[in-house]
Amino acid sequence: MKQFLSVKDVPNLPILVNEALSQKRNPFANKQLGKNKTLGLLFFNASLRTRLSTQKAAQNLGMEVMVMNVSQDSWGLEMQDGAIMDGDKAEHVKEGAAVIGQYCDIIGVRSFASLTDKEKDIQEEVISQFVKYAGVPIISLESALRHPLQSLTDVITIEEYKTKQKPKVVLTWAPHPKALPQAVPNSFAEWMNASQVDFVITHPEGYELDKEFVGNAKVTYNQKQAFEGADFIYAKNWSSYTSYGQILSKDPAWTVNAEKMKLTDNAKFMHCLPVRRNVVVMDEVLDSPNSIVIPQAGNRVWAAQAVLKQLLSSI
Ligand SMILES: NCCC[C@H](NC(=O)CCC(=O)O)C(=O)O
Ligand SMILES: NC(=O)OP(=O)(O)O
């Protein structure tokens, strides 16, 4: 694997999933692979899981790790080629990314969608500029459109907890006080469509995701109908894609609660975290034995470790 920006970069998904589960069983088996190799983790946005799990994964493989909160610690980076830099940005990504590429063998980048400039978000401007100028493999730590380390984690977690050959997996929109990116649901859909599951997406009208990610998934505005017979409920808020970045609804009727979970086939509850309790999902679900959000987050380490191992093997 040469880079990890989306499922399209994965040569063989079942092999990558097995690799992650094998790393989980034996975390230190490849401690020599990353010797004298450095991973740089660059954050334009906050993180708890991605930062710590990726760092942990790299350490398990014997790598050195450098972390920088770009938006707080570094010079402001200009992303636009040809820009006249007489504003507040002191350094162009052309130099910034190339210099970091001199210090690191692999670079991870987190940069959320602006939710104001749809065109730039669609082009995934920040991560694309790092791919263009860093000169080393890039891992997405959540870009404007995708969160592949999360989605690989979700595939692994479903693989571990499924009790049927082809489980029914439901991605449900849920309310939230803030406008959030479409990256997590886009990416989840992209990876579910590449997996052997019966995949359903449910959301209110106006929250349709980009068709590129929805693919052949079944889509319904009827949340209760979607929940019927489900094996996994994956909740996430996102802002509107068509009315770009807007909050069209905060309807608590979409909150995941115990009554709706009763419609499922004893489904496991999943969320990428962080989650707003009693807004996205009620305590009664999150604190129930059916919630697997903590082991799901634990699996972030093995997803990152499998990806780093494959990248290290090809540099
Ligand atoms: N990386 C996982 C989710 C990150 C981000 N969530 C957030 O920004 C939540 C913020 C809040 O709840 O205030 C998102 O939805 O893409
Ligand atoms: N799920 C996830 O990516 O969490 P963080 O935003 O805390 O990294």
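Residues numbered from 1 in each chain as written. Chains lettered and ligands numbered in written order. Predicted model: local features only at pLDDT ≥ 70, side-chain atom pairs only at ≥ 80, totals over all residues. Heavy atoms only, no water.

Draft legend 1. Fine view of a nonpolar patch on the surface. Together, Met66, Val99 and Tyr103 give the surface a local cluster of nonpolar side chains, amounting to about 290 Å² of exposed area. Along the polypeptide, Met66 turns up in strand E2 (residues 64-69). (Patch = residues over 30% accessible without salt bridge, like charges linked within 9 Å, V, L, I, M, F, W, Y side chains within 5 Å. Areas by Shrake-Rupley, 256 points an atom, 1.4 Å probe, with all protein chains shown as cover. Salt bridge = Lys/Arg side-chain N within 4 Å of Asp/Glu carboxyl O. Helix = DSSP H or I, 4+ residues; strand = E, 2+ residues; numbered from the N terminus.)

Draft legend 2. Representation of the sheet that holds strand E8 (residues 198-202) within the structure. Taken together, five strands build an open sheet; the order of strands is E9-E8-E7-E10-E11 and the sheet is parallel. Strands at the two margins of the open sheet, each flanked by one partner only, are strand E9 (218-220) and strand E11 (268-270). Each strand of the sheet is rotated relative to its neighbour by a mean of 20°, with strand direction disregarded. The pairing of strand E7 (residues 168-173) with strand E10 (residues 232-236) spans five bridges and is classified as parallel. Residue pairing for E10: Val169 is matched across the bridge by Phe232. (Pairing = 2+ DSSP bridges. Axes fitted to C-alpha atoms, helices over the stretch in contact; angles between N-to-C directions.)

Draft legend 3. Quick peek at the sheet that holds strand E6 (residues 138-140). Taken in spatial order, the four strands of this open sheet run E2-E1-E5-E6, and their pairing is parallel. At either margin of the open sheet sits one strand with a lone partner, and together these are E2 and E6. Along the sheet, successive strands turn relative to each other by an average axial angle of 20°, direction set aside. Relative to the sheet, helix H4 (residues 93-103) contacts strand E1 (38-43), E2 and strand E5 (106-110), its axis offset from that of E5 by approximately 135°. (Contact = heavy atoms within 4.5 Å.)

Draft legend 4. The arrangement of the site of ligand 2 in detail. Taken together, Ser47, Leu48, Arg49, Thr50, Arg110, His147, Gln150, Cys272, Leu273 and Arg300 form the complete shell of residues around ligand 2. Residue Leu48 places a main-chain N or O atom 2.7 Å away from an oxygen atom belonging to ligand 2. Protein burial of ligand 2: of its 260 Å² of free accessible surface, 94% is covered by the chains. Taken together, the residues of the shell around ligand 2 break down into three nonpolar, four polar and three charged. Two domains each provide a minimum of three residues to the shell around ligand 2, namely domain 1 (7-146 + 300-314) and domain 2 (148-297). (Near = heavy atom within 4 Å. Polar contact = N/O pair within 3.5 Å; in protein donor to acceptor, adjacent residues only side chain to side chain. Nonpolar A, V, L, I, M, F, W, Y, C, P; charged D, E, K, R; others polar. Domains from an automatic or database assignment.)

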